[in-house]
Amino acid sequence: MNALTKLRDRLLALDTASLSDAMDSLYIAGGLQGIKPQVSNMKIAGPAFTVQYEAYEPEKNTFMNAGNYIDEVPEGAIVVVDNQGRTDCTSWGNILTTRALQQKIAGTVIHGSVRDIADIRKMNYPLYACNVYMVSGKNRARVRAKQCELTIHGVKIAPDDWIVGDDNGVLAIPRERLMEVILRAENVEKTEQRILGTIKEGKKLEEARNTLGYAVPWESKA
Amino acid sequence: MNALTKLRDRLLALDTASLSDAMDSLYIAGGLQGIKPQVSNMKIAGPAFTVQYEAYEPEKNTFMNAGNYIDEVPEGAIVVVDNQGRTDCTSWGNILTTRALQQKIAGTVIHGSVRDIADIRKMNYPLYACNVYMVSGKNRARVRAKQCELTIHGVKIAPDDWIVGDDNGVLAIPRERLMEVILRAENVEKTEQRILGTIKEGKKLEEARNTLGYAVPWESKA
Amino acid sequence: MNALTKLRDRLLALDTASLSDAMDSLYIAGGLQGIKPQVSNMKIAGPAFTVQYEAYEPEKNTFMNAGNYIDEVPEGAIVVVDNQGRTDCTSWGNILTTRALQQKIAGTVIHGSVRDIADIRKMNYPLYACNVYMVSGKNRARVRAKQCELTIHGVKIAPDDWIVGDDNGVLAIPRERLMEVILRAENVEKTEQRILGTIKEGKKLEEARNTLGYAVPWESKA
């Protein structure tokens, strides 16, 4: 099992809420606002392959292939496309999904819209996006840069930063802070499990939190 | 069976649409715009326990427990939190849900965001909110007042006003108007059942409505 | 099998994405932004029966029946209501749905809000709308015109223009362009099937697209 797989497995054992709390404790912003699960009950973690789109109006009778970057995305990566949250055209669909599954890409995050959603749900491919629509991005948006830094609602995402998604939404974690974040998030989850156990025994929340260190849940107590 | 249980059962036999029509006939506004079911196929009715949050930016290294009000919420009540519709941080999650189930709280309505949604769906807890996200409200919002009057998109909600939620959304009914509203809503439903019966026999809608008093459906005809 | 049924069957064999690509190639705008499937896994195609609502504030104690247009809608048609995207009141519910099913209306598209959604999902009626809420449109909106031209986010919809809806959303196709659009969309789907086949054999997307004419997918190659 290589290093990437080990990291992914540790992240998949956590959830975005615990990771976000760990990031809060380190004063790192990571939540990608407005990006929702479009296929439910999924969980993904992997390094980002980033793609920046820009608005584009071609001359008539010119047509561009916007999605060919997909061929370069490595196995286990998560495609992150910034199409500036556009809801009037899409930048992901069934052809890209089919290719992504072939390449063992771990999932896709679109700051913008997606189409062919019924097919994609049948394929069970993890897809997060702002919106579902049917109009193509072809001749409306084009790739400006690949593997560049993105900024989504103030959160910066560099290539190989880690992306985690679940039914709460999607987080980006700076790669150089990843181990710190994982360690704190693992402690957050342990603290929460203890609080949940105490509540199930009938204790008050205030009591459970005071006893079990809810104020600093990322500190190890074991 | 106590009075509260009887009222709840009568409300649960109705739906938010009939109750809203009854309130329209009395010129009372009750619909809470933008608050959506986050767990489907639920129906709740109960007196409100209200909580007003406000935005808050603490000094670094200070942490607050925002949710401890939960210990005071009585069985059968519905928690109503006004966090001003914020989508950048959450004010409900799995710990509060676990405690709410322990306390037999009937459900929760958040004018704002919630997290841990996959867990909450598994727990089958009735939850209504504007948005799902993963970032904590801790150190972003704090309780300003409990059991105070809230105003959500112009609708006032006092403690012990009645809250009803179903897949259409959430309504607040002033407690002093509750019996009037229930009686009219029961008549609305009877009128609608008669109209539906007539339509299923193949009658035109206009005919069904004219015959059956659709213009004043809250008036008793029996 | 009459002409309308044949057209509907050809449209139902396509999807909104292919039809939208065909319309793009003809420089016709058709996507109805912000209108979402409220009942999942449906697909509809049929000529529009259009209804324009307008905001309305009656004197007290006056009540209007806004939905009686339904009696005039022919079998196989799709009701398209423009209530200007309003989210504060509804213009479709269970009575209209029951009547629509009786009349074999093919589905409903509301630029606005709908209610009684749990019932409508049980009835399995194809319904597309911006929002779900419980407050009636009665005494808030009224029919200004029937079978008139609508404009939804810049897209014009005349009576008997064709409407197609699926899980991606809803498209309007000008009736006089329908055959052109269908022919091109059928070619789009053939091209896409070929690209998908090639990808499943392990080819790169760029290769598949170049070989198979993705730039002009609406041109016949057979």
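Residues numbered from 1 in each chain as written. Chains lettered and ligands numbered in written order. Predicted model: local features only at pLDDT ≥ 70, side-chain atom pairs only at ≥ 80, totals over all residues. Heavy atoms only, no water.

Caption draft 1: Spotlight on the overall build of chain A. In terms of helices and strands, chain A carries six helices and 10 strands. Whereas a compact globule of 222 residues would reach a radius of gyration of roughly 17 Å, chain A reaches 19 Å, a difference of no more than 12%. C-alpha atoms of chain A, sized along the principal axes, occupy 70 × 35 × 30 Å. Classification of the 222 residues of chain A by burial places 59% in the buried group. Here the contacts in chain A between residues at least 6 apart in sequence split such that 75% fall between residues at least 24 apart. When the accessible surface of chain A is split by element, carbon and sulfur atoms take 47% of a total near 8,800 Å². Taken as two groups, the 28 positive and 28 negative side-chain charges of chain A have centres that lie 2 Å from each other. (Helix = DSSP H or I, 4+ residues; strand = E, 2+ residues; numbered from the N terminus. Rg over C-alpha atoms; globule rule 2.2 N^0.38 Å. Buried < 20%, exposed > 50% of the residue type's maximum accessible area, 1.4 Å probe, protein only. Contact = heavy atoms within 4.5 Å. Areas by Shrake-Rupley, 256 points an atom, 1.4 Å probe, with all protein chains shown as cover. Lys, Arg positive; Asp, Glu negative; His and termini not counted. Charge placed at Lys NZ, Arg CZ, Asp CG, Glu CD.)

Caption draft 2: A look at unusual backbone geometry. Positive phi values are uncommon outside glycine, yet Tyr27 of chain A reaches one of about 60 degrees. Position of Tyr27 of chain A relative to the elements: it lies in the loop between helix 2 (16–25) and strand 1 (36–37).

Caption draft 3: Expanded view of the packing of aromatic side chains. All names here are of chain A. Here the structure, examined in full by the defined rule, presents six aromatic pairs over all chains. Consider the rings of Phe49 and Tyr69, whose centres lie 6.4 Å apart with planes at 20 degrees: the pair is stacked. Of this pair, Phe49 sits in strand 2 (residues 44–55) while Tyr69 sits in the loop between strand 2 and strand 3 (78–82), placing them 20 residues apart in sequence. (Phe/Tyr/Trp six-rings, centres within 6.5 Å; stacked < 30°, edge-to-face > 60°.)

Caption draft 4: Region of interest: helix 1 (residues 3–12) of chain B. All names here are of chain B. Residues of helix 1 that are buried: Thr5, Arg8 and Leu11. Viewed along the axis of helix 1, the buried residues span an arc of 125 degrees, placing them on a single side of the element. Those residues of helix 1 that are buried lie in contact with helix 2 (16–25), strand 2 (44–55), strand 9 (162–166), strand 10 (169–173) and helix 5 (178–200). Two to three positions downstream of the cap, the backbone nitrogen of Leu4 sits 3.3 Å from a side-chain oxygen, assigning the N-cap of helix 1 to Asn2. (Arc of directions from axis to C-beta. Polar contact = N/O pair within 3.5 Å; in protein donor to acceptor, adjacent residues only side chain to side chain.)

Caption draft 5: Focus on the UniProt feature "binding site: substrate" (unreviewed entry) in chain A. Residue and element names in this part refer to chain A. Taking the numbering used here, the UniProt-annotated feature "binding site: substrate" (unreviewed entry) corresponds to Gly93, Asn94, Ile95, Leu96 and Arg115. Separation in sequence by 23 residues is not matched in space for these annotated residues, since their most distant C-alpha atoms are only 10.6 Å apart. Take Gly93: it is sitting in the loop between strand 3 and helix 3 (94–102). Residues contacting Gly93, with those up to four places away along its chain left out, are Arg115, Asp116 and Ile120. Looking at where Arg115 falls in the secondary structure, it is placed in the loop between strand 4 (107–114) and helix 4 (117–123). (UniProt positions renumbered as here; feature names shortened; annotations may be inferred.)

Caption draft 6: Representation of the domain arrangement of chain A in the model. Domain boundaries assigned for chain A yield domain 1 (29–173) and domain 2 (181–212). On a C-alpha basis, the centres of domain 1 of chain A and domain 2 of chain A stand 35 Å from each other. (Domains from an automatic or database assignment.)

Caption draft 7: Focus on the interface of chain A and chain C. Listed as interface residues are 29 residues of chain A and, on the opposing side, 32 residues of chain C. Run the count over chain A and chain C and you get two salt bridges. Ionic pairing is found between Arg115 of chain A and Asp21 of chain C, a salt bridge with its closest N-O pair at 2.9 Å. Our count for the chain A to chain C interface comes out at 13 residue pairs in polar contact (both at pLDDT 80 or more). In terms of residue class, the side of chain A that touches chain C is made up of 11 nonpolar, 10 polar and eight charged. (Salt bridge = Lys/Arg side-chain N within 4 Å of Asp/Glu carboxyl O. Nonpolar A, V, L, I, M, F, W, Y, C, P; charged D, E, K, R; others polar.)

Caption draft 8: Spotlight on the relation of the copies chain A and chain C. In screw terms, the move from chain A to chain C is a rotation of 120 degrees and a rise of 0.0 Å along the axis, fitting with an RMSD of 0.0 Å. Both copies are brought into coincidence by an operation consistent with a three-fold rotation axis. (Least-squares fit on C-alpha atoms with pLDDT ≥ 70 in both.)

Caption draft 9: Molecular detail of the interface of chain A and chain B. On the side of chain B, 29 residues touch chain A, which itself brings 32 residues to the contact. Both faces combined, the contact of chain A with chain B buries some 2,700 Å², and carbon together with sulfur accounts for 52% of it. Ranking the residues of chain A by area buried against chain B places Tyr27, Asn168 and Leu205 of chain A at the top, with a combined share of 21%. Between chain A and chain B we count two salt bridges in total. At the boundary of chain A with chain B, the tally comes to 13 residue pairs in polar contact (both at pLDDT 80 or more). Breaking the side of chain A that touches chain B down by element, the ones donating at least two residues are helix 2, strand 10 (169–173), helix 5 (178–200) and helix 6 (205–212) of chain A. Classifying every residue of the side of chain A that touches chain B gives 13 nonpolar, eight polar and 11 charged. (Buried area = accessible area lost by both parts, 1.4 Å probe.)

Caption draft 10: Representation of the state of the cysteines. Inspection of the entire model under this criterion finds zero disulfides over all chains. No disulfide involves Cys130 of chain A; its nearest neighbouring cysteine sulfur is the one of Cys89 of chain A, lying 12 Å away. The exposure class of Cys130 of chain A is partly exposed, given its relative accessible area of 24%. Distance from the sulfur of Cys148 of chain C, which forms no disulfide, to the nearest cysteine sulfur (Cys130 of chain C) is 17 Å. For Cys148 of chain C, a relative accessible area of 17% gives the class buried. (Disulfide = S-S within 2.5 Å.)

Caption draft 11: Examining the pattern of salt bridges more closely. Residue and element names in this part refer to chain A. Scanning the entire structure with this criterion turns up 27 salt bridges over all chains. A salt bridge links Glu186 to Arg10; the shortest N-O distance between them is 2.9 Å. Here Glu186 is found in helix 5, whereas its partner Arg10 is found in helix 1 (residues 3–12), with 176 residues between them in sequence.

Caption draft 12: Summary view of the packing of helix 5 of chain B against helix 3 (residues 94–102) of chain C. With their axes 9 Å apart at the nearest point, helix 5 of chain B and helix 3 of chain C run at an angle of 5 degrees to one another. As far as their axial angle goes, helix 3 of chain C and helix 5 of chain B are roughly parallel. Contact residues: helix 5 of chain B offers Glu192, Ile195, Leu196, Ile199 and Lys200 of chain B, while helix 3 of chain C offers Asn94, Ile95, Thr98, Arg99 and Gln102 of chain C. In terms of residue class, the contact of helix 5 of chain B with helix 3 of chain C is built from four nonpolar, three polar and three charged. (Axes fitted to C-alpha atoms, helices over the stretch in contact; angles between N-to-C directions. Parallel < 35°, antiparallel > 145°, perpendicular 65-115°, else oblique.)

Caption draft 13: Spotlight on the UniProt feature "binding site: Mg(2+)" (unreviewed entry) in chain A. Within this numbering scheme, the UniProt entry marks Asp116 of chain A as carrying the feature "binding site: Mg(2+)" (unreviewed entry). As for its placement among the helices and strands, Asp116 of chain A is situated in the loop between strand 4 and helix 4. By relative accessible area, Asp116 of chain A is classed as buried at 5%. With near-sequence residues (within four places) excluded, Asp116 of chain A lies in contact with Gly93 and Asn94 of chain A together with Asp15, Ala17 and Asn168 of chain C.

Caption draft 14: Structural context of the confidence of the model for chain A. Of all residues in chain A, 94% attain a pLDDT of 70 or more, and the chain-wide mean is 93. For this predicted complex, the interface score ipTM comes out at 0.94, alongside a pTM of 0.95. (pLDDT = per-residue confidence, 0-100.)

Caption draft 15: Representation of the side chain of Asn168 of chain C. When you line up the elements, Asn168 of chain C lands in the loop between strand 9 (162–166) and strand 10 (169–173). According to the relative accessible area criterion, Asn168 of chain C is buried, its value standing at 5%. Engagement of the side chain of Asn168 of chain C in a polar contact is seen with the side chain of Thr16 of chain C, the distance being 3.4 Å. When neighbours within four sequence positions are excluded, Asn168 of chain C is seen to be in contact with Arg115, Asp116, Ile117, Val132, Tyr133 and Met134 of chain A together with Thr16 and Ala17 of chain C.

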